[in-house]
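# Overview (structure and organization)
In case you want the letters, here they are:
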Amino acid sequence: MSTNETPQSTDAATSRAVAEDARQKQWRKPSFMKSLFLGKFTPDLLAPYPVPEGKERAEYTEFKKRFKEYLLNEIDPLEIDATGVFPDNTIERLSELGALGMNIPKDYEGLGFTKLEYCKTMQLFASYEGSLMGFLSPHQSVGVPECLKLFGTEEQKRKYLPLCTQGHVSAFALTENEVGSDPARLETSLTRT
């Protein structure tokens, strides 16, 4: 280590090296957004629009009933708005209900909901308490579970997806001083007190 280098910068360099090693080196699919910016609309690159398949599945109907009871009996949206604080047991209760694993396949201890079932649940949640929904949705849509489902190895999925259903919360920070929404420029710092 040079005299100008600090332990924090060594850790940052190691973290960057790990991230670069994990980065996809060869693109398997073209980018919808890149194509769009180049003036080419390629809808076949988008995930299919979720279409209802007849009646609601019984397991989803049962979940939705329990979830609605939880909202009505345990969540006070006016209190949350007034204090900015969720009930202490929120993450534990969402985990017990299975809500932290809605988008996680059953093979990894999730509920294995379809996109439409997930969206209907988020619609129900947002109609009752929006800020708590703002916690639950990122955990599953831009946090660890979705990234692992799309790009993780089988070993990573088996190790981490069950944790995400059991109260280990994930998300993705999109805004930071001097960075805005450029995740490649995110930085961390440590201040000892």
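Note that the structure is predicted; figures quoted are calculated from it, not measured.

This part covers helix H5 (residues 90–97). For H5, the complete set of buried residues consists of Thr90, Arg93, Leu94, Ser95 and Leu97. Structurally, H5 contributes buried residues whose contacts are with helix H3 (58–74), helix H7 (130–141) and helix H9 (154–165). Of the residues one or two after H5, glycine 98 is the one with positive phi, at around 95°.

It is the contact of helix H8 (residues 144–151) with H9, at a shortest axis distance of 10 Å, that shows an interaxial angle of 155°. Taken as axis vectors, H8 and H9 run roughly antiparallel relative to one another. In the packing of H8 onto H9, the handedness of the crossing is left-handed. Within the contact between the two elements, H8 uses Val144, Pro145, Leu148 and Lys149 and H9 uses Gln156, Lys157, Tyr160, Leu161 and Cys164. In the contact of H8 with H9, the residues fall into six nonpolar, one polar and two charged.

Evaluated as defined, the whole model comprises eleven salt bridges. With its nearest N and O atoms 2.7 Å apart, the salt bridge here joins glutamate 117 to arginine 57. Taken as a pair, glutamate 117 in helix H6 (residues 115–128) and arginine 57 in the loop between helix H2 (32–37) and H3 lie far apart in primary sequence, 60 residues in all. Assessed through its relative accessible area of 8%, glutamate 117 is described here as buried. Among the residues examined, arginine 57 registers a relative accessible area of 29% and is labelled partly exposed.

Bringing a nonpolar patch on the surface into the picture now. Together, Met33, Leu36, Phe37, Phe41 and Leu46 give the surface a local cluster of nonpolar side chains, amounting to about 560 Å² of exposed area. Secondary-structure assignment places leucine 46 in the loop between H2 and H3.

Counting all residues, the mean pLDDT for the protein is 83, and 81% of those residues have values of 70 or more. Confidence scores differ between elements of the protein, with helix H1 (residues 7–22) showing the lowest mean pLDDT of 67 and H3 the highest of 95. Note that pLDDT drops below 50 for residues 1–8; the model gives that stretch four contacts with residues more than four away or on any other chain.

Of the residues making up H8, those classed as buried are Pro145, Glu146 and Leu148. Taken around the axis of H8, the buried residues stretch over an arc of 165°, which confines them to a single face. Turned more than 90 degrees away from the buried face of H8, the exposed residues are Leu150 and Phe151. Each element contacted by the buried residues of H8 is listed here: H6, H7 and H9.

Parameters at a glance
Residues numbered from 1 in each chain as written. Predicted model: local features only at pLDDT ≥ 70, side-chain atom pairs only at ≥ 80, totals over all residues. Heavy atoms only, no water. Buried < 20%, exposed > 50% of the residue type's maximum accessible area, 1.4 Å probe, protein only. Helix = DSSP H or I, 4+ residues; strand = E, 2+ residues; numbered from the N terminus. Contact = heavy atoms within 4.5 Å. Axes fitted to C-alpha atoms, helices over the stretch in contact; angles between N-to-C directions. Parallel < 35°, antiparallel > 145°, perpendicular 65-115°, else oblique. Left-handed = near helix turned anticlockwise from the far one by under 90°. Nonpolar A, V, L, I, M, F, W, Y, C, P; charged D, E, K, R; others polar. Salt bridge = Lys/Arg side-chain N within 4 Å of Asp/Glu carboxyl O. Patch = residues over 30% accessible without salt bridge, like charges linked within 9 Å, V, L, I, M, F, W, Y side chains within 5 Å. Areas by Shrake-Rupley, 256 points an atom, 1.4 Å probe, with all protein chains shown as cover. pLDDT = per-residue confidence, 0-100. Arc of directions from axis to C-beta.

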